[in-house]
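# Results of the structural survey
Each chain, written out:
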Amino acid sequence: MPDGSVQIVLRWYPALFSIACFGTVVLLRSWLVRKRTGIERAVAVRPRTFALSSLLVLSQFALQAAMGVQIVLFTMQRASYDVFGRVDALESPWMGALGVVLTLCGWGWMWFSQSHLGESWRIGIDECTDNVLKTNGFYRFSRHPIFTGLMAVQIGLFCQMPTIASALVVLGYALVLEIEMRREEAYLLRQHGEAYQRYMLHSGRWLPRLGAVAEQVMTIKFEPRTVEDKTERRRAA
């Protein structure tokens, strides 16, 4: 493929990929879950921590909006794209190709991880619906493979658009997702108790062994959810 054609593909790829990725892992997945379960909302907000849950969701939308503006200017080759602090030393076809690989792998990783969750998939923490603990497949080595795939996508977009703004978006996602993962783990400890504690011993938070919990975690005290507790949370929702 001529160099000019490669440049055109790499220029349009972030925009086309973002549309396809959002359309499948968010819109299509939400529709599939709603069709199978009858649950209208795919975004779950915990009644007891509404402010924090809303802040995390809004933070992700804000980060994606910042990346979206950059993608539009990058695709249109506007001079205003330079305000994002482009790093010329990192701009190359090889870097762009690496970004394509990372984004495609991250997209596939998210989709198949969502498929493995099946009807239990939500955006956020749904305390009003029981879920089954998944410890095999993509979840055998990572407790949050969907977030791992999402980070791969963000790093891939940075490789294609190496700017200071892209780097800040990646760091922002890492912080927001780390907070969300810890909240989910606290919730799953309350719901599944010792079964989840044992699972945490041999699985990483992001990747195998990365974020695995030491054996001292077995000393953590938790209060199993009762039928009355579940009923109260359904009413609060």
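Remember, predicted model here, so these are calculated numbers, not experimental data.

### Here's the deal with helix H5 (residues 164–192)
Across its 29 residues, H5 extends 41 Å between first and last C-alpha, which sits within 8% of the 42 Å expected from 1.5 Å per residue. Taken from the residues just after H5, Gly193 is the one with a positive phi, measuring 60 degrees.

### Let's talk about the pattern of salt bridges
In the structure shown here, the tally under the stated rule is 9 salt bridges. For the salt bridge of Glu185 with Arg143, the shortest nitrogen-to-oxygen distance reads 3.0 Å. One end of the pair, Glu185, is in helix H5; the other, Arg143, is in the loop between strand S2 (123–124) and helix H4 (145–160), with 42 residues separating them in the sequence. The burial state of Glu185 is the same as that of Arg143; both residues are buried. Arg182 serves as the salt-bridge partner of Glu178, at 3.0 Å between the closest nitrogen and oxygen. A residue pair is termed a helical-turn pair when its members lie 3 or 4 positions apart in one helix, as Glu178 and Arg182 do in helix H5 at 4 residues. Shared partners join several salt bridges into a network, and the residues in it are Arg143, Glu178, Arg182, Glu185 and Arg205.

### Here's the deal with the packing of aromatic side chains
Tallying each qualifying case throughout the model produces 7 aromatic pairs. Where Tyr13 meets Phe17, the ring centres are 5.6 Å apart and the plane angle is 20 degrees; that geometry is what we call stacked. Linking Tyr13 with Phe17, this pair stays in helix H1 (residues 3–37), spanning 4 residues, or about one helical turn. For Tyr13, a relative accessible area of 15% gives the class buried. Seen from their ring centres, Phe112 and Phe138 are 6.5 Å apart, and the 5 degrees between their planes marks the pair as stacked. Placement of Phe112 in helix H3 (residues 93–117) and of Phe138 in the loop between S2 and H4 is noted, with a sequence separation of 26 residues between them. Of the aromatic side chains, those joined through ring pairs into one cluster are Tyr13, Phe17 and Trp107. The positively charged end of Arg29 is found above the aromatic ring belonging to Trp111, 3.9 Å away from the centroid.

Rules of the game
- Every chain begins its residue count from 1, and numbering advances along the sequence as written.
- Residue-level local features of this predicted model are given only where pLDDT is at least 70; pairs of side-chain atoms are given and counted only at 80 or more, and the full residue set underlies all totals for whole chains, interfaces and linings.
- Only hydrogens and water are set aside; all other atoms, that is, all heavy atoms of the structure, feed into the side-chain values.
- Under the scheme used here, helices are H or I runs from DSSP no shorter than 4 residues and strands are E runs no shorter than 2 residues, and both carry numbers assigned from the N terminus.
- Multiplying 1.5 Å by the helix residue count minus one yields the expected span of that helix.
- By convention in these notes, a salt bridge is any Lys or Arg side-chain nitrogen within 4 Å of a carboxyl oxygen on Asp or Glu.
- Burial status follows relative accessibility: with a 1.4 Å probe on protein chains alone, a residue under 20% of its type maximum counts as buried, one over 50% as exposed, and anything between as partly exposed.
- Between the rings of Phe, Tyr and Trp (Trp by its six-membered ring), a pair exists once the centres lie within 6.5 Å; its type follows the angle of the planes, with under 30 degrees stacked, over 60 edge-to-face, and the other angles tilted.
- Geometrically, a charge over a ring is one whose NZ (Lys) or CZ (Arg) sits within 6 Å of the ring centre while staying within 35 degrees of the ring normal.

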